Amino acid sequence: MVPTGSTTARGRRSSGDVPDLVAKAREGHPRAVARLISLVEDESPLLREVMAALAPHAGQAQVVGVTGSPGVGKSTSTAALVSELRRAGKRVGILAVDPSSPFSGGALLGDRVRMQDHALDPEVYIRSMASRGHLGGLAWTTPQAVRVLDAAGCDVILIETVGVGQSEVEIAGLADTTLVLLAPGMGDGIQAAKAGILEIGDLYVINKADRDGADQVRRDLRSMLALAERPEGSWRPPIVKTVASRSEGLDEVVAEIDKHRAWLEESGELERRRTRRARDEIEAIAVTALRARWGDVHGRSELDDLAAAVVAGTSDPYTAADSLLEAFAE
């Protein structure tokens, strides 16, 4: 596969195109993969048919999340990690979630600029996705995009989050293995305690380890991990030091990812995580459909009447909400 661009203007496609697109994506045609992900991002009416066609072919790829505070070197580390995975003969898909442009709503493409070393590799697919205001470091459509790359034959799918800081924990629900990047001089000791990354990290990577303070970050992180309560037999997150700009330590990162995958399979945690992932995805789709079915709640006269009753003290918010639900159910 070769990399493609992010969100652009798309032509309309008919239902008859879907089987052809899926067949070509399965064969590794990059344009077919790009079009399928575009249908996902556009929330196309064909999306149900696309997901149904992809479902039998998905579930084989290893999904690895890369997260951390801005400035720790996520894009550089992701690019170096791709090089290491390619040396192992892996086909790699990359979903780089970028901030949204305030003008077009599309991805700003900052991550792809730093991954140009892989631009001509036919076994690497790079896709930038705009977060479009979605919190948690991912785009709302990321799970469906993962399914497209999975069905297209990627061995490993790397998801690089947008880098939003403390709210960036959503990746743990989507990835099989979550890498949390830290760096000396970035205030990561405080950030680790505040952001809850002790709970989401399967592997901690201290990047820019050639800088002063790297050993202190490692000691602080090791002390905090020791305080976390973990059941007997649970995974103990390792800490690896890297210098991604020089590709130092990435072989150890890949080795730890492989160890974690083996533990996931042996413990049954892989199936549990993927079941939770599917459950969350189903719930998100259902809630979105319900919101669309409700339409513009602010435009309903019942809401004004109920609000007036709450202000007057003749009703309370919970009773009013029940009444509104009953009105929509009619």
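Since this is a predicted model, take the numbers as computed values, not measurements. (Residues numbered from 1 in each chain as written. Predicted model: local features only at pLDDT ≥ 70, side-chain atom pairs only at ≥ 80, totals over all residues. Heavy atoms only, no water.)

1. Here we look at the side chain of T177
Next, step 1: Along the polypeptide, T177 turns up in strand β5 (residues 177-182).
Next, step 2: Judged by relative accessible area, which is 1%, T177 ranks as buried.
Next, step 3: Dropping the residues within four chain positions of it, T177 is found in contact with Q62, V63, V64, G65, D202, H260 and L264. (Helix = DSSP H or I, 4+ residues; strand = E, 2+ residues; numbered from the N terminus. Buried < 20%, exposed > 50% of the residue type's maximum accessible area, 1.4 Å probe, protein only. Contact = heavy atoms within 4.5 Å.)

2. Considering the packing of aromatic side chains
Next, step 1: The final tally for this structure, using the stated rule, is one aromatic pair.
Next, step 2: Seen from their ring centres, W235 and W263 are 5.9 Å apart, and the 45° between their planes marks the pair as tilted. Here W263 lies in helix α11 (residues 250-267) and W235 lies in the loop between α10 (214-227) and β7 (239-241), a separation of 28 residues in the sequence. For the pair W235 and W263, one class covers both residues: buried. (Phe/Tyr/Trp six-rings, centres within 6.5 Å; stacked < 30°, edge-to-face > 60°.)

3. Focus on helix α3 (residues 47-54)
Next, step 1: Considered for burial, the residues of α3 that qualify are L47, V50, M51 and L54. Down the axis, α3 shows its buried residues gathered within 95° of arc, on one side only. Turned more than 90 degrees off the buried face of α3, the exposed positions are R48 and A52.
Next, step 2: In this fold, the buried residues of α3 make contact with α1 (17-26), α2 (30-41) and α6 (142-151). (Arc of directions from axis to C-beta.)

4. Details of the pattern of salt bridges
Next, step 1: The tally for this structure, following the rule as stated, stands at 18 salt bridges.
Next, step 2: Among the ionic pairs, R127 bridges to E41, the shortest N-O distance being 2.7 Å. Of this pair, R127 sits in strand β3 (residues 124-130) while E41 sits in helix α2, placing them 86 residues apart in sequence. E41 carries the same exposure label as R127, and that label is buried.
Next, step 3: Ionic pairing is found between R276 and E269, a salt bridge with its closest N-O pair at 3.2 Å.
Next, step 4: Three or more residues are tied together by salt bridges with common partners; here these are D202, E269, R272, R273 and R276. (Salt bridge = Lys/Arg side-chain N within 4 Å of Asp/Glu carboxyl O.)

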